[in-house]
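Structural characterization, general
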Amino acid sequence: MKFSYVATGVVIMVVLAGCQRTSYSGLSPSDSLPPLQAQPVPSVQSGQLPPPGAPADPSQFPAAPASATPGATDVAPATALDVTKEQMVGNWRVTNAGASCDMFLTLTNLGSGSRGGTRGCAGVLTSMGSWEVASKQVVLKDRGGNVIGRLYKTADARFDGTTNDGQPVSLSR
């Protein structure tokens, strides 16, 4: 009879041992992260939507980016060489108004063009956010999609053009 009591006790101890709380993270309660602070939530606005198909109020939408601005031309010079997007990808050395900086061009889509950016540039080139190739020219755009300059291939690994404010700009590798 004693053996059955011992066996029952061992089984109960094994079952209870499996019910203990274990921590796999290795953190003690004093090492835990502090709780996040509550953040303010903006109020919800309500109002009536116009019926479907009703003309929209144009003042409710931002203006579309301009396709061209004064100081730049959409026509490539007759001496411009053919250019492809693949030729443009990578790091370029930029000369603009007597100063040098870097330009990085990728094939990552951004709006109607591809993502690009500058480092160490001054003037309008600081706002460059995208670029695209259109009819023998490289069109530089700001983050809003507005054209800020145009470049044309003048030699192998060299592009020349102007920004919309009339400053000459050159890219080379």
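All residue numbers refer to position in the chain's written sequence, counted from 1. Only residues with pLDDT of at least 70 get local features here, since the model is predicted, and only at 80 or more are side-chain atom pairs given and counted; chain-wide, interface and lining totals rely on the full set of residues. To get the side-chain values, all heavy atoms of the structure are used, and hydrogens and water are removed first.

When DSSP finds two or more bridges between two strands, those strands count as paired. In this text, helices come from DSSP runs of H or I with a minimum length of four residues, and strands from runs of E with a minimum of two, each type numbered from the N-terminal end. Relative to strand β7 (residues 158-163), strand β6 (residues 147-155) runs antiparallel, the two sharing 6 bridges. In the strand pairing of β7, K153 is matched with F159. Examined bridge by bridge, β7 and strand β8 (residues 168-172) share 5 bridges and lie antiparallel to one another. In the sheet register, D160 faces β8, and the bridge partner there is S170. Hairpin connection, β7 to β8: the antiparallel pair is bridged by 4 residues, and G166 has positive phi, about 90°.

On to the nonpolar core, then. It is characteristic of soluble globular proteins that their nonpolar side chains tend to be buried jointly. Within this scheme, the nonpolar core is defined by two criteria: the residues are buried Ala, Val, Leu, Ile, Met, Phe, Trp, Tyr or Cys, and they are joined through side-chain atoms within 4.5 Å. Burial classes: relative accessible area under 20% of the type maximum marks a residue as buried, over 50% as exposed, and values in between as partly exposed (1.4 Å probe, protein chains only). Among the nonpolar cores identified, the biggest contains 18 residues, and M88, M103, L125, V138, L140, F159 and L171 are the most heavily contacted of them. Ranked by residue count, the leading element in this core is strand β2 (residues 99-110), at 3 residues. Setting aside chain neighbours within four positions, we find L140 in contact with M103, L125, M128, S130, W131, N146, V147, I148, G149 and L151. Contacts are assigned to residue pairs that have any heavy atoms within 4.5 Å of one another.

Let us look at a nonpolar patch on the surface. A surface patch of nonpolar side chains, amounting to about 270 Å² of accessible area, comprises V6, V10 and V14. In this fold, V6 is placed in helix α1 (residues 2-17). Judged by relative accessible area, V6 falls into the exposed class, the value being 51%. Think of a patch as exposed residues, more than 30% relative accessible area, with no salt bridge, where like charges cluster within 9 Å and nonpolar side chains (Val, Leu, Ile, Met, Phe, Trp, Tyr) cluster within 5 Å. Each accessible area is a Shrake-Rupley result for a 1.4 Å probe, and residues are judged covered by the shown protein chains and nothing else. Whenever a carboxyl oxygen of Asp or Glu lies within 4 Å of a side-chain nitrogen of Lys or Arg, that contact is scored as a salt bridge.

Below, the discussion takes up the sheet that holds β7. In spatial order, the strands read β1-β2-β3-β4-β5-β6-β7-β8; together these 8 strands close into a barrel with antiparallel pairing. If you compare each strand with its neighbour and ignore which way they point, the axes differ by 30° on average. Axis lines are fitted to C-alpha atoms, over the contacting stretch for helices. Their N-to-C directions set the angle, which ranges from 0 to 180 degrees.

This part takes up α1. In this scheme, a helix's expected span is set at 1.5 Å multiplied by one less than its residue total. When the terminal C-alpha atoms of α1 are compared, their 22 Å separation across 16 residues agrees well with the 22 Å that a helix rising 1.5 Å per residue should span. Within α1, only 0 of the 16 residues are buried, which leaves it mostly out in the open.

Tracing the chain through its elements places K141 in strand β5 (residues 137-142). Assessed through its relative accessible area of 8%, K141 is described here as buried. Apart from residues no more than four positions distant in its own chain, K141 is found in contact with S112, S127, M128, G129, S130, E132, N146, V147 and I148.

The predictor attaches a confidence to each residue, called pLDDT, with possible values from 0 through 100. Taken residue by residue, the protein gives an average pLDDT of 80. The fraction at 70 or more is 77%. Contacts of residues 67-72 to residues separated by more than four positions or lying in other chains number 12 contacts, the stretch itself having pLDDT below 50.

The subject of this paragraph is the packing of aromatic side chains. Within a pair of aromatic rings, the relevant descriptors are the distance that separates the centres and the angle that separates the planes. Pairing of aromatic side chains here covers Phe, Tyr and the six-membered ring of Trp, requires ring centres within 6.5 Å, and sorts the geometry by plane angle: under 30 degrees stacked, over 60 edge-to-face, intermediate tilted. What the rule picks out here adds up to 1 aromatic pair. Between W92 and F159, the ring centres sit 5.4 Å apart and the planes meet at 85°, which makes this aromatic pair edge-to-face. Taken together, the positions of W92 in strand β1 (residues 90-96) and F159 in strand β7 put the pair 67 residues apart, joining distant regions of the chain. A relative accessible area of 2% places W92 in the buried class. Classification of F159 by relative accessible area gives buried; the value is 2%.

This paragraph deals with the pattern of salt bridges. Evaluation of the coordinates by the stated rule reveals 5 salt bridges. Notably, a salt bridge pairs K136 with D82, separated by 3.8 Å at the nearest N-O pair. Here the residue K136 occupies a position in the loop between β4 (128-134) and β5, and D82 occupies one in the loop between α1 and α2 (85-88), the gap between them amounting to 54 residues. A relative accessible area of 35% places K136 in the partly exposed class. Classification of D82 by relative accessible area gives exposed; the value is 57%. Residue D160 is joined to R158 by a salt bridge in which the shortest nitrogen-to-oxygen separation is 3.1 Å. Put simply, R93, D102 and R119 are held in one network by salt bridges that share partners.

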